[in-house]
Amino acid sequence: MKFYSLNHPIPNTSFKEAVIAGIAPDKGLYFPESITPLPSDFFDSIEELSNHEIAFQAIRQFVSEDISDGDLKEILENTLDFDFPVVEIEENVATLELFHGPTMAFKDVGARFMANCLGYFSQNEKEEVTVLVATSGDTGGAVANGFLGVDGVNVVILYPSGKVSDIQEKQLTTLGQNIVAMEVDGTFDDCQRMVKAAFLDEEITDHRKLTSANSINVARWLPQLFYFLFAYKQAKSKGKEIVFSVPSGNFGNICAGMVAQKLGMPVQHFVASTNVNDVVPKFMQQGIYNPVPSIATISNAMDVGDPSNFVRIRHLYQDDLSTLQENLSSYAFTDDDTRAAMKEVYARTEYVMDPHGAVGYLGLKEYQKSKPNTYGIFLETAHPVKFLDVVEETLGVSPEIPAQIQKVMGKEKHSIKIKIYEDLKDYLLANN
C-alpha cells in the first residue's frame, strides 16, 4: 500500500515514510492509494471476532508492507487494552464510550497506535524524531501518555493558555522525561499555525526530523476506525439502520468512521455535530468552505475554525457535495443548547454527558427528527470528569475522580510560555 498527498495524487510513499513525515513535502495530507472493502462474511460474523481480530483485519491492508503480521498484532495488543462499551441511553439512542483508556479520551487509540508504530520504526535509527503537535484539549494528554519514554522520540506539545481544562492541562504538563509542553498566549488556531510554520521552516527541518501526532498523521487518524467497527459489532443485533453522531472539531474522528464505511461497514449515514464553530455545517448547506477564527466554547476540544481533516472527507466522496450529503449531515449547537441537553438527559436517566458528548447527542436527535426509526450512536469522546467545572456548574454533581486522573492531579505543572512563532523556533533550534 502506497500513500499520496492530497495535493499531488500520485502514490509514492510507504506507510512508514508517511508516518515519520507526518505531512507530505508539498504540505498535503497523506491518503491511502486504495481502500479495499473487507469480505462480506467479516461483517456477517463480526460478533464472533475479538476486538483485536477486528482491528487487525481492518488496518492490515494499510500497513502490511512495513509492519509484519506478528508485530502488528503486538502493536494492537498494546493499543487496545481497554473497553469500548455501547451504552443505551433511551430507545434507539446509545452512546459509544471512548473514555476508558489511560487518559480517558478517544484519542488514546490513535496516539497509542502511532506511538507504537513510531517506536517500531525508530529501532536501530540514529536520528531522533521530534513529534510536534498542537492540541485544543485531549490530543495533548493522549500523545504525551502514548509517547512517554519511547526511545528515539521527543515530543513538543503546544496548547492555548487558559483554554483547556485543568485536568487536560495536568495530563500534558506533568509527565516530564521526553515530553515538553509549550503554553501559547493565543488560541488553538494560533498553536496549529505555529506547528505548520515549523514544518515549512527549512532552518528547522534541515537540522531536526519533525513529525506530527495530530490527526493529520495517518497513524493517528486511521486507527480511529477501529471503535466504529467495535460499536457496529455491539449494535448489529438491533436490526435497525445505524447512524453515528460524532462531536467534531478537526474532523479526523468522523473521517475515520467514514473509512470504516468504505471498508464495508453497513452504516449509511454520519452526523458531524459541532459547537458554534460551524464552518462544516455551513459548507454542507451552502457548498462554500469559509474558515474563520475559532470561538471559545465549553466543548473546547472542538474549538476549530479550519478543520484539517475535512479535506480528506471531501476527497472520500470525490468532492461531490450531493454524494457527501447522502452520507453526512452536520449541525451546530450553542453552549446553552449543550448545557440544556446535559441537564435533560441527566434528569431523565442520571447519565452524565460531557459537553462534547452532549453536542453529539444533540446532533443525533436533530437527525432522528426526520429518521426516527434509526438506531443512533453518539460518541462520548472524553470522561465528564475532564470537564469537571462545566459538569458541576451545569448539573450540580461531582463525578468520582477515576484513578487515571487522580495520579496526575497532585503533580507539578511544567510548561514553557511562548507568544510568537519565533519563540517556538528558537526552542527547536537550541534543543536539537
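All values reported here derive from a predicted model rather than from experimental measurement.

J.: Break down helix α8 (residues 188–200) for me, with residues and values.
T.: With 13 residues, α8 extends 19 Å between its outermost C-alpha atoms, agreeing within 8% with the 18 Å of an ideal straight helix rising 1.5 Å per residue. Every buried residue of α8 is listed here: F188, D189, C191, Q192, M194, V195, A198 and F199. Here α8 starts with a cap whose side-chain oxygen sits 3.3 Å from the backbone nitrogen of D189, and that cap is T187.

J.: Explain the side chain of Q192 to me, and be specific about the residues and the numbers.
T.: Within the secondary structure layout, Q192 lies in helix α8. Given the relative accessible area of 9%, Q192 is considered buried. Non-local contacts of Q192, meaning those with residues more than four positions away in its chain, are made with A134, N250, D306 and S308.

J.: I'd love a proper account of the pattern of salt bridges, names of residues and values included.
T.: Applying the stated criterion to the full structure yields 16 salt bridges. Linking E88 and K238 is a salt bridge whose minimum nitrogen-to-oxygen distance equals 3.1 Å. Pair noted here: E88 is in strand β4 (residues 86–90) and K238 is in the loop between α11 (225–235) and β10 (242–247), with a separation of 150 residues, a long-range link. The class of E88 is partly exposed, set by a relative accessible area of 42%. Judged by relative accessible area, K238 falls into the partly exposed class, the value being 39%.

J.: Provide a residue-level description of the environment of K262, including the pertinent values.
T.: Along the chain, the position of K262 falls in helix α12 (residues 252–262). Given the relative accessible area of 30%, K262 is considered partly exposed. In sequence terms K262 and P37 are 225 residues apart; their C-alpha atoms lie 6.4 Å from each other.

J.: Lay out the sheet that holds strand β7 (residues 153–160) with the relevant residues and their values.
T.: What the five strands build is an open sheet, ordered β9-β6-β7-β8-β14; its pairing is parallel. Only two strands of the sheet have a single neighbouring strand rather than two, namely β9 (209–211) and β14 (416–418). The sheet shows a mean angle of 25° between the axes of neighbouring strands, taken without regard to direction. The pairing of strand β6 (residues 129–134) with β9 spans three bridges and is classified as parallel. Within the sheet, the bridge partner assigned to V131 lies in β9 and is T211. Running over the sheet, α8 touches β6, β7, β8 (179–184), β9 and β14 and is turned about 150° from β6.

J.: Tell me about the packing of helix α16 (residues 335–349) against helix α17 (residues 355–368), and name the residues and values.
T.: Between two packed helices, both the angle of their axes relative to each other and the distance between the axes serve to describe the pair. Two elements in contact, α16 and α17, have axes separated by 9 Å at closest approach and are oriented at 90°. As far as their axial angle goes, α17 and α16 are roughly perpendicular. In contact with D337, T338, A341, M342, E344, V345 and R348 of α16, α17 contributes P355, A358, V359, Y361 and L362. Grouping the constituent residues of the contact of α16 with α17 by class yields eight nonpolar, one polar and three charged.

J.: Could you give an account of the packing of α11 against α12, with specific residues and numbers?
T.: As a packed pair, α11 and α12 sit with axes 7 Å apart at the nearest point and diverge in direction by 60°. Considering the angle they form, α11 stands oblique to α12. Crossing geometry of α11 relative to α12 is assigned as right-handed. Together, L225, Y227, F228 and L229 of α11 and N253, A256, G257, V259 and A260 of α12 make up the contact between the two elements. Residues belonging to the contact of α11 with α12 are distributed by class as follows: seven nonpolar, two polar and no charged.

Cut-off values and rules
- Residues numbered from 1 in each chain as written.
- Predicted model: local features only at pLDDT ≥ 70, side-chain atom pairs only at ≥ 80, totals over all residues.
- Heavy atoms only, no water.
- Helix = DSSP H or I, 4+ residues; strand = E, 2+ residues; numbered from the N terminus.
- Expected span 1.5 Å × (residues − 1).
- Buried < 20%, exposed > 50% of the residue type's maximum accessible area, 1.4 Å probe, protein only.
- Polar contact = N/O pair within 3.5 Å; in protein donor to acceptor, adjacent residues only side chain to side chain.
- Contact = heavy atoms within 4.5 Å.
- Salt bridge = Lys/Arg side-chain N within 4 Å of Asp/Glu carboxyl O.
- Pairing = 2+ DSSP bridges.
- Axes fitted to C-alpha atoms, helices over the stretch in contact; angles between N-to-C directions.
- Parallel < 35°, antiparallel > 145°, perpendicular 65-115°, else oblique.
- Nonpolar A, V, L, I, M, F, W, Y, C, P; charged D, E, K, R; others polar.
- Left-handed = near helix turned anticlockwise from the far one by under 90°.

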